Amino acid sequence: MTTIAVVGTGLAGVRAAEALRAEGYDGRLVLVGEEAAQPYDRPPLSKQVLLGKCESQDIALTDEDLRAVLDAEWLLGTRATALDPASRALTLVGGRSLHADGVVIATGARARTLPGMPQLHGVHTLRTLDDAHRLREDLSRPGRVVVVGGGFIGAEVASSARALGHEVTIVEYEQKPLLRQLGPEAAGILGRLHTDHGVALVTGVGVTGLVGEEGVREVELSDGRLLPAEVVVVGVGAVPNTEWLTGSGVACDNGVLTDERCRTTEPGIVAAGDVAAYRCRGGRLRIEHWTNARDMPVIAAGSLLATLRGQDPMAQPVHDPLPYVWSDQYGVHLQIAGRPGVDDMLELVSGSFDDSFAAVYRRDGEISGVLAIDSPREFGRLRRDLRSAWSIR
Amino acid sequence: MIQLCPIADLTPGAVTRIARPDVPVPLALVKVGERVFCVDDTCSHETASLSDGWLDGHEIECPLHESRFDLRTGRPDCPPARRPIRTHVVQVVDGMVCVEEASLALTAETAR
Ligand SMILES: Cc1cc2nc3c(=O)[nH]c(=O)nc-3n(C[C@H](O)[C@H](O)[C@H](O)COP(=O)(O)OP(=O)(O)OC[C@H]3O[C@@H](n4cnc5c(N)ncnc54)[C@H](O)[C@@H]3O)c2cc1C
Ligand code: FES
């Protein structure tokens, strides 16, 4: 019997399993996941979970019905440590090995940390449910919170910590948060969202040290300032989990390199989700957003099955979606589509930049992105315009 | 029976949102061909209003996280939504779209 192993049991892994079964795969399916917890969804971790508005069962990615459909062997709490491409054998933690005819790499990414910092209580990153529970525990006591990094996760943590009544400061290395992703105007608007809600924003400085004995007491900034803090949350991006593939022959460069159909450089091995850097008309993209991890595994499953069935994978659909990310901060819904360049012009379409609005980015007159705050209907309409422009790129 | 709106007010391809004190939950009305569909307007995932979403034949796509619900069954096609939205049987009486009050009553399951 054919065996397909899916490595990683986050959204991309579960979706790959779901897609394989939906495509009629009836062989053996093994899911290998480092986390011991049943698969869960990450976006609520920085939002509802920190606020205590939902529990583990509310964010489950599988239920009994889905597990029955998947009919899989679940190796949870089990890390894959190596992959031998010739035999397509996985080595699992403890030395056990698992032979597979096809492999889906869905090992995602982990939170980046600040290099060379001491291990102190009260210092957090946020990627897993355990991380969220530990942070929630620390946020249940009064104390000042410093968030390092003003990206999406930093912003959401700041918003949640503020809602819990804490004094919060965001330290952002750039002159404005998300400046390089969204350009100066949008970054200004998002920066104001923080300050309007009583969160202090310190920009243009780096963090050079964390001070404390057992627990953190102060955050040292590159301009010499010391910010008092009982809780520090480091939100400085994510690193793709590819180390385990060293020596496997699967080419990696800031993620697992794939073609438009999610195929890696080794036959019978595909990759999807946060870990995958896929080729597309725009060059190469590694997207760390939810919608990509939901949709890419479907393409990966299709091309893997075609390969295993001896069909032409080139006849399978490609992965080239319009990038999309949402974020919830301070009770507003933020939605962004496309890949606007920093220098693209932001043009208001409806509403007001001081409140809720929908806006488009333009490059040489052409629409290159859509940004909206609390305007889902207008966002949807504009995104459709952008999608048509994107598909004729 | 609760009268929702004149059938003449429903435009094919558009969603009509009904949110009124005499209607227990916000509803979305859609006319596809000659049939009128009535579903809960609030997405089963979080709190988006589906009438802000995109209509495609018998499907309505949530404007926030893009689960698509079948208007006939209420089922989502893909996550993040996992649970169906409720569908309600409507009748057209004297040109008015009407819904059975009992169908709208909140159960423990839907009252979140
Ligand atoms: C706090 C937070 C909030 C977010 N909010 C949003 C949001 O609002 N909007 C949005 O668009 N996106 C959001 N995201 C991003 C979104 O959650 C990710 O894009 C998505 O989780 C990626 O899924 P994935 O399956 O590719 O990777 P992951 O979710 O990282 O899953 C990978 C899994 O593989 C496991 N693994 C790693 N290495 C191995 C190994 N060697 N062997 C076995 N298992 C392994 C990991 O333990 C993990 O369980 C958020 C992310 C976080 C962390
Ligand atoms: S609110 Fe509708 S899919 Fe999330």
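Everything numeric in this text was worked out from a predicted model, so none of it was measured. (Residues numbered from 1 in each chain as written. Chains lettered and ligands numbered in written order. Predicted model: local features only at pLDDT ≥ 70, side-chain atom pairs only at ≥ 80, totals over all residues. Heavy atoms only, no water.)

J.: Summarise the overall build of chain B; cite the residues concerned and give the values.
T.: Along chain B, the regular secondary structure elements total one helix and ten strands. Starting at the N terminus and ending at the C terminus, chain B contains elements arranged as β-β-β-β-β-β-β-β-β-β-α. Computed over its C-alpha atoms, the radius of gyration of chain B comes to 13 Å, within 12% of the 13 Å expected for a compact globule of 112 residues. Projected onto its principal axes, the C-alpha coordinates of chain B cover approximately 40 × 30 × 20 Å. Here chain B holds 112 residues, and 49% of them are scored as buried. Restricting to contacts in chain B with at least 6 residues of sequence separation, those with at least 24 account for 38%. Only carbon and sulfur atoms are counted for the fraction: they give 51% of the accessible area of chain B, which is about 5400 Å². Here chain B holds 11 positive side-chain charges and 17 negative ones, and the gap between their average locations is 4 Å. (Helix = DSSP H or I, 4+ residues; strand = E, 2+ residues; numbered from the N terminus. Rg over C-alpha atoms; globule rule 2.2 N^0.38 Å. Buried < 20%, exposed > 50% of the residue type's maximum accessible area, 1.4 Å probe, protein only. Contact = heavy atoms within 4.5 Å. Areas by Shrake-Rupley, 256 points an atom, 1.4 Å probe, with all protein chains shown as cover. Lys, Arg positive; Asp, Glu negative; His and termini not counted. Charge placed at Lys NZ, Arg CZ, Asp CG, Glu CD.)

J.: Could you give an account of the pattern of salt bridges, naming the residues involved and the relevant values?
T.: For the structure shown, the criterion picks out 35 salt bridges over all chains. With a closest N to O distance of 2.9 Å, Glu288 of chain A and Arg286 of chain A form a salt bridge. (Salt bridge = Lys/Arg side-chain N within 4 Å of Asp/Glu carboxyl O.)

J.: Requested: an account of the nonpolar core, with residues and values cited.
T.: All names here are of chain A. Membership of the largest hydrophobic core comes to 68 residues, with the highest contact counts inside it found for Leu29 and Ile105. Among the elements that make up this core, the one with the highest residue count is helix 6 (residues 290–308) (eight residues). In terms of domain composition, this core takes at least three residues from each of domain 1 (3–110 + 239–315) and domain 3 (331–391). Counting 40 residues, the second largest nonpolar core, distinct from the first, contains Leu126, Leu182, Val231 and Tyr361. (Core = buried A, V, L, I, M, F, W, Y, C linked by side-chain atoms within 4.5 Å. Domains from an automatic or database assignment.)

J.: Let's hear about the packing of aromatic side chains: which residues, and what values?
T.: All names here are of chain A. Applying the stated criterion across every chain yields a total of four aromatic pairs over all chains. A ring pair is formed by Tyr324 and Trp326, whose centres lie 6.2 Å apart and whose planes are at 45°; its orientation type is tilted. In this pair, the class of Tyr324 matches that of Trp326, namely buried. Stacked on the ring of Tyr324, the Lys or Arg Arg383 has its end atom at 4.4 Å from the ring centre. (Phe/Tyr/Trp six-rings, centres within 6.5 Å; stacked < 30°, edge-to-face > 60°. Lys NZ or Arg CZ within 6 Å of the ring centre and 35° of its normal.)

J.: Summarise the site of ligand 1; cite the residues concerned and give the values.
T.: Residue and element names in this part refer to chain A. Surveying the vicinity of ligand 1 reveals 36 residues, the closest of which are Glu35, Arg42, Lys47, Arg127 and Asp274. At 2.8 Å from an oxygen atom of ligand 1 is found a main-chain nitrogen or oxygen belonging to Ala12. In isolation ligand 1 exposes 1000 Å². Once the protein is present, 95% of that is buried. The set of elements that each furnish at least two residues to the shell around ligand 1 consists of helix 1 (11–22), strand 2 (28–33), helix 4 (152–163), helix 6 and strand 22 (324–329). By residue class, the composition of the shell around ligand 1 is 16 nonpolar, eleven polar and nine charged. Among the domains, domain 1 (3–110 + 239–315) and domain 2 (113–234) are the pair contributing at least three residues each to the shell around ligand 1. (Near = heavy atom within 4 Å. Polar contact = N/O pair within 3.5 Å; in protein donor to acceptor, adjacent residues only side chain to side chain. Nonpolar A, V, L, I, M, F, W, Y, C, P; charged D, E, K, R; others polar.)

J.: Just give me the short version of helix 7 (residues 376–391) of chain A, but keep the residues and values in it.
T.: With 16 residues, helix 7 of chain A extends 22 Å from end C-alpha to end C-alpha; this agrees with the ideal 22 Å at 1.5 Å per step. Here helix 7 of chain A has its buried residues at Pro376, Glu378, Phe379, Gly380, Leu382, Arg383, Arg384, Leu386, Ala389 and Trp390 of chain A. (Expected span 1.5 Å × (residues − 1).)

J.: Could you give an account of the UniProt feature "domain: Rieske" (unreviewed entry) in chain B, with specific residues and numbers?
T.: Taking the UniProt record as the reference, the feature "domain: Rieske" (unreviewed entry) is found at residues 2–99 of chain B. Annotated as 0% helix and 41% strand, the span residues 2–99 of chain B places its first and last C-alpha atoms 5 Å apart. (UniProt positions renumbered as here; feature names shortened; annotations may be inferred.)

J.: Describe in detail the sheet that holds strand 18 (residues 256–258) of chain A, supporting the description with residues and values.
T.: Residue and element names in this part refer to chain A. Spatial strand order, 18-20-21: three strands in an open sheet with mixed pairing. Each edge of the open sheet carries a strand with a single partner, namely strand 18 and strand 21 (283–285). Across the sheet, the mean angle from the axis of one strand to that of its neighbour is 25°, orientation sign disregarded. Pairing of strand 18 with strand 20 (residues 276–280), which is carried by three bridges, proceeds in the parallel orientation. Across the sheet, the residue bridging to Thr258 is Tyr278, located in strand 20. (Pairing = 2+ DSSP bridges. Axes fitted to C-alpha atoms, helices over the stretch in contact; angles between N-to-C directions.)

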